[in-house]
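Examination of the molecular architecture
Listed below, chain by chain, are the residues.
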Amino acid sequence: QVQMAESGGGSVQPGGSLRLSCATNGHRGRVGWFRQAPGKEREGVAAIDRAGYSLMATSVKDRFTISQDRAKNKVYLQMNSLKPEDSALYSCGASNKMRLTLREADFDGWGPGTQVTVSS
């Protein structure tokens, strides 16, 4: 497996925006963004395949966008209209499944994560 690395987190006010970046270290399969808040289970947010097809969680599909730059080995998560409930540690992982999923068990190579805090 390969090791991912996340960046771009921070503290913002409700309604603000952040763009997270995942360095994929050349992973050729699917890449997913997940998040975990204290006391809660990790949940899938978005995933993207090599062709650029994406899968978004229904809770964020109208506010977040996943994209990639294959030449730079980067996958991005653009987060708009952030809410306090979006506060979490955001991590990216690698999947070798042939189809996009948001199942944690389908991913590995997790990065250490980047913290997102949304508060006034």
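Described below are features of the structure shown in this document. (Residues numbered from 1 in each chain as written. Predicted model: local features only at pLDDT ≥ 70, side-chain atom pairs only at ≥ 80, totals over all residues. Heavy atoms only, no water.)

Quick notes on the pairing of strand β8 (residues 74-79)
As defined by bridge partners, strand β3 (residues 18-23) adjoins β8 across six bridges and the pair is classed as antiparallel. Across the sheet, residue R19 finds its bridge partner in β8, namely Q78. Hairpin connection, strand β7 (residues 64-69) to β8: the antiparallel pair is bridged by four residues, and N73 has positive phi, about 55 degrees. (Pairing = 2+ DSSP bridges. Helix = DSSP H or I, 4+ residues; strand = E, 2+ residues; numbered from the N terminus.)

Some thoughts on the sheet that holds strand β9 (residues 88-95)
Read across the sheet, six strands follow the order β2-β10-β9-β4-β5-β6 without closing on themselves; strand pairing throughout is mixed. The open sheet has two free edges, formed respectively by β2 (10-12) and β6 (54-56), since each of these has just one partner strand. Within this sheet the neighbouring strands show an average axis-to-axis angle of 25 degrees, counted without direction. Sheet topology places strand β5 (residues 43-48) next to β6; three bridges connect them, and they run antiparallel. Following the sheet pairing, I48 is matched in β6 by S54. (Axes fitted to C-alpha atoms, helices over the stretch in contact; angles between N-to-C directions.)

Let's talk about the layout of surface pockets
A water-sized probe rolled over the atoms picks out the places where empty space is left. A volume near 190 Å³ is recorded for the largest pocket. Lining the largest pocket are 15 residues, with H27, R28, Q68, R70 and N73 sitting closest to its centre. Of all the secondary structure elements, the ones that give two or more residues to the lining of the largest pocket are β7 and β8. Counted by class, the lining of the largest pocket contains three nonpolar, six polar and six charged residues. (1 Å grid on protein atoms, 1.4 Å probe; cavity = no way out; pocket = protein on both sides within 12 Å on 5 of 7 lines; lining within 4 Å. Points joined across faces, edges and corners; volume = space filled by probe spheres on them. Nonpolar A, V, L, I, M, F, W, Y, C, P; charged D, E, K, R; others polar.)

Notes on the nonpolar core
In this structure, W33, V45, F64, I66, L77, M79 and Y90 are the most contacted members of the largest nonpolar core, which totals 26 residues. For this core, the secondary-structure elements that each account for two or more residues are β3, β4 (30-36), β5, β7, β8, β9 and β10 (114-118). Of all the elements, β9 adds the most residues to this core, at four residues. Apart from residues lying up to four places away in sequence, V45 is in contact with W33, F34, R35, L55, M56, A57, V60, F64, L77, Y90 and L102. (Core = buried A, V, L, I, M, F, W, Y, C linked by side-chain atoms within 4.5 Å. Buried < 20%, exposed > 50% of the residue type's maximum accessible area, 1.4 Å probe, protein only. Contact = heavy atoms within 4.5 Å.)

Re the sheet that holds β8
Whether parallel or antiparallel, the strands of a sheet pair through hydrogen bonds between backbone atoms. Strand order in the open sheet formed by four strands is β1-β3-β8-β7, with antiparallel pairing between adjacent strands. Only two strands of the sheet have a single neighbouring strand rather than two, namely β1 (5-7) and β7. Along the sheet, successive strands turn relative to each other by an average axial angle of 20 degrees, direction set aside. As defined by bridge partners, β7 adjoins β8 across six bridges and the pair is classed as antiparallel.

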